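Now for the letters of each chain:
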Amino acid sequence: MHAHDHGHGHAHGGHAHGAHAGGATLLLALCLTLGFAFVEAFAGWWAGSLALLGDAGHMLTDSFALGLATLAAWLSRRPPGPRLSYGMGRLEPLAALINGITMLIVIGAICWHAVLRLLDPQPVSGEAVTIVALIGLGVNILAAWLLSRGGNDLNTRAALLHVFGDLLGSVAALVSGLVIQWTGWLPIDPLLSMLICGLILASTASLLRQVFTTLLDGVPDRLSLSQVGTAIAAVDGVGSVHDLHIWSLGAGRTALSAHLVIAPGADWHQVLPRVQDILEHDFGIDHSTLQPESPQIEPLVFKRAWTRHEAGSAP
């Protein structure tokens, strides 16, 4: 047996409607976050507050993240073409790569100016910082509320995590403004700006790691190659699995290819839908390419293989 069989997830009307609603919610949250990021950046420059400028940088980072999520929600509805047979999902990691590199430059610039401020403190308008930070806190709470009602897909959940990070940045800027108002201690502003930069650096490093994993066709973080292999090998009619590969197509889609050694007496046409069902419902893999092989064809010794015995004893 050498035929290749392809399994694909099926789109339903309700799913398409949910994707459209999720995209609209992401777009609204993007407008709120991006709009206030520019307001906060101007206010930070006017008030002389690095904390506000740092929080504006954080919100700008998350605006890009929301923009990528919005783009992914839109691109996921576009069908593949004769030249782009997988669609345009890979635009998402490419844009994220540019976003991540840009934010590393922003982080370096803010930290450098923070060190200069610590060595030579400058006057900061605590009242302006407090007012702008309070408004930012309200904007972030509204964006989080919108996203929490916008759906439970991966893009929306990731965007919601970014907005929670913005909430922390607004709280830090608020603390800076209040401390300056009450005590006049100016070093709090650059110190909190470096704290906010730490938040940006953590999210940017995580973003870049996911980007490189996607661009190198690595296994998505939410999946384990070993767990998927043992789950397939445990399907009735499958003798063993080898040449297993899992990678991201971008825009929330995951692909898989594998060779399946069919157990003696098993019917491939019954085994295939069982494997596809497990891949789609247990692991969210909506595009699979599975090649059946007869028991007489043994995998090469250097190929990682999962057997039914291993699947039965796996935790």
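Cut-offs and rules
Residues numbered from 1 in each chain as written. Predicted model: local features only at pLDDT ≥ 70, side-chain atom pairs only at ≥ 80, totals over all residues. Heavy atoms only, no water. Helix = DSSP H or I, 4+ residues; strand = E, 2+ residues; numbered from the N terminus. Buried < 20%, exposed > 50% of the residue type's maximum accessible area, 1.4 Å probe, protein only. Areas by Shrake-Rupley, 256 points an atom, 1.4 Å probe, with all protein chains shown as cover. Patch = residues over 30% accessible without salt bridge, like charges linked within 9 Å, V, L, I, M, F, W, Y side chains within 5 Å. Salt bridge = Lys/Arg side-chain N within 4 Å of Asp/Glu carboxyl O. Pairing = 2+ DSSP bridges. Axes fitted to C-alpha atoms, helices over the stretch in contact; angles between N-to-C directions. Parallel < 35°, antiparallel > 145°, perpendicular 65-115°, else oblique. Left-handed = near helix turned anticlockwise from the far one by under 90°. Nonpolar A, V, L, I, M, F, W, Y, C, P; charged D, E, K, R; others polar. Contact = heavy atoms within 4.5 Å. pLDDT = per-residue confidence, 0-100. Phe/Tyr/Trp six-rings, centres within 6.5 Å; stacked < 30°, edge-to-face > 60°. UniProt positions renumbered as here; feature names shortened; annotations may be inferred. Core = buried A, V, L, I, M, F, W, Y, C linked by side-chain atoms within 4.5 Å.

Novice: Break down the overall build of the protein chain for me, with residues and values.
Specialist: The helix and strand tally for the protein chain stands at nine helices and five strands. Seen in sequence order, the protein chain has helices and strands lined up from the N terminus as β-α-α-α-α-α-α-α-β-β-α-β-β-α. The burial tally for the protein chain puts 44% of its 315 residues in the buried class. When the accessible surface of the protein chain is split by element, carbon and sulfur atoms take 67% of a total near 15900 Å².

Novice: Quick rundown of a nonpolar patch on the surface? Include the residues and the values.
Specialist: A surface patch of nonpolar side chains, amounting to about 510 Å² of accessible area, comprises Leu71, Trp74, Leu84, Met88, Leu91 and Leu94. Those elements that place two or more of their residues in the nonpolar patch are helix H2 (50–75) and helix H3 (91–119). Within the fold, leucine 84 resides in the loop between H2 and H3. Residue classification places leucine 84 among the partly exposed residues on the basis of a relative accessible area of 46%.

Novice: Could you give me a rundown of the pairing of strand E3 (residues 253–262), with the residues and numbers involved?
Specialist: Among the ten residues of E3, nine are classified as buried, and the element is accordingly described as predominantly covered. Pairing between E3 and strand E4 (residues 287–293): seven bridges, direction parallel. Residue leucine 260 lies in a different strand from E4, and its bridge partner there is proline 292.

Novice: Go over the packing of H3 against helix H6 (residues 188–215) with me, naming the residues and quoting the values.
Specialist: Two elements in contact, H3 and H6, have axes separated by 9 Å at closest approach and are oriented at 160 degrees. Taken together, H3 and H6 sit at an angle that is classed as roughly antiparallel. As H3 packs across H6, the resulting crossing turns out to be left-handed. Class assignment for the residues of the contact of H3 with H6 results in 23 nonpolar, five polar and two charged.

Novice: How would you summarise the packing of helix H7 (residues 225–233) against helix H8 (residues 268–283) if you had to cite specific residues and measurements?
Specialist: Axis angle and axis distance: for two packed helices, these are the angle between their axes and the distance between the axes, and together they describe the pair. Across the interface, H7 lies against H8 with an axial gap of 10 Å and an inter-helix angle of 145 degrees. The handedness of the crossing between H7 and H8 comes out as right-handed. Judged by residue contacts, Gln227, Val228, Ala231 and Ile232 of H7 engage Val275, Ile278, Leu279 and Phe283 from H8. Residue composition of the contact of H7 with H8, grouped by class: seven nonpolar, one polar and no charged.

Novice: So what's going on with the side chain of serine 248? Which residues, and what values?
Specialist: Within the fold, serine 248 resides in strand E2 (residues 238–250). For serine 248, a relative accessible area of 13% translates into the label buried. Setting aside residues no more than four positions away along its own chain, serine 248 makes contact with Arg90, Thr214, Gly218, Pro220, Arg253 and Thr254.

Novice: A description of the confidence of the model for the protein chain should follow, citing residues and the corresponding values.
Specialist: Detailed conclusions should not be drawn from predicted coordinates in areas where pLDDT is low. Per-residue confidence for the protein chain gives a mean pLDDT of 76, with 77% of residues at or over 70. Taken element by element, the protein chain is modelled with least confidence in strand E1 (residues 5–8), mean pLDDT 50, and with most confidence in H8, mean pLDDT 94. Here residues 7–22 is a poorly scored stretch, pLDDT under 50, and it has 13 contacts once near neighbours within four places are set aside; other chains count.

Novice: So what's going on with the packing of aromatic side chains? Which residues, and what values?
Specialist: Scanning the entire structure with this criterion turns up one aromatic pair. Summarising the aromatic geometry, the rings of phenylalanine 42 and tryptophan 45 are spaced 5.8 Å apart at their centres and angled 40 degrees between planes, so their arrangement reads as tilted. Highlighted residues: phenylalanine 42 and tryptophan 45, both in helix H1 (residues 13–47), separated by three residues, approximately one helical turn. Judged on exposure class, the residue phenylalanine 42 and its partner tryptophan 45 are both exposed.

Novice: Describe in detail the UniProt feature "transmembrane region" (unreviewed entry) in the protein chain, supporting the description with residues and values.
Specialist: The sites that UniProt annotates as "transmembrane region" (unreviewed entry) are residues 26–47, 59–75, 96–116, 128–147, 159–185 and 191–208. Taken as a whole, residues 26–47 contains 100% helix and 0% strand, while its terminal C-alpha atoms sit 31 Å from one another. Segment residues 128–147 splits into 100% helix and 0% strand. End C-alpha atoms: 29 Å apart.

Novice: I'd like to hear about the nonpolar core, residue by residue, with values.
Specialist: One finds Phe36, Leu52, Val129, Val132 and Ile200 to be the most contacted residues of the largest nonpolar core, which totals 24 residues. At the level of elements, H1, H2, H3, helix H4 (126–148), helix H5 (154–183) and H6 are the ones that each hand at least two residues to this core. Among all residues touching phenylalanine 36, those that are not within four sequence positions of it are Met59, Val132, Ile135, Gly136 and Val139. Core analysis: the second largest hydrophobic core is formed by 22 residues, Ile246, Leu260, Ile262 and Val271 among them.

Novice: Tell me what's going on with the pattern of salt bridges, and back it up with residues and numbers.
Specialist: What the rule picks out here adds up to one salt bridge. For aspartate 221, the salt bridge is made with arginine 209, and the minimal N-O distance between the two is 3.2 Å. Residue aspartate 221 is found in the loop between H6 and H7, and its partner arginine 209 is found in helix H6; the two are separated by twelve residues along the sequence.

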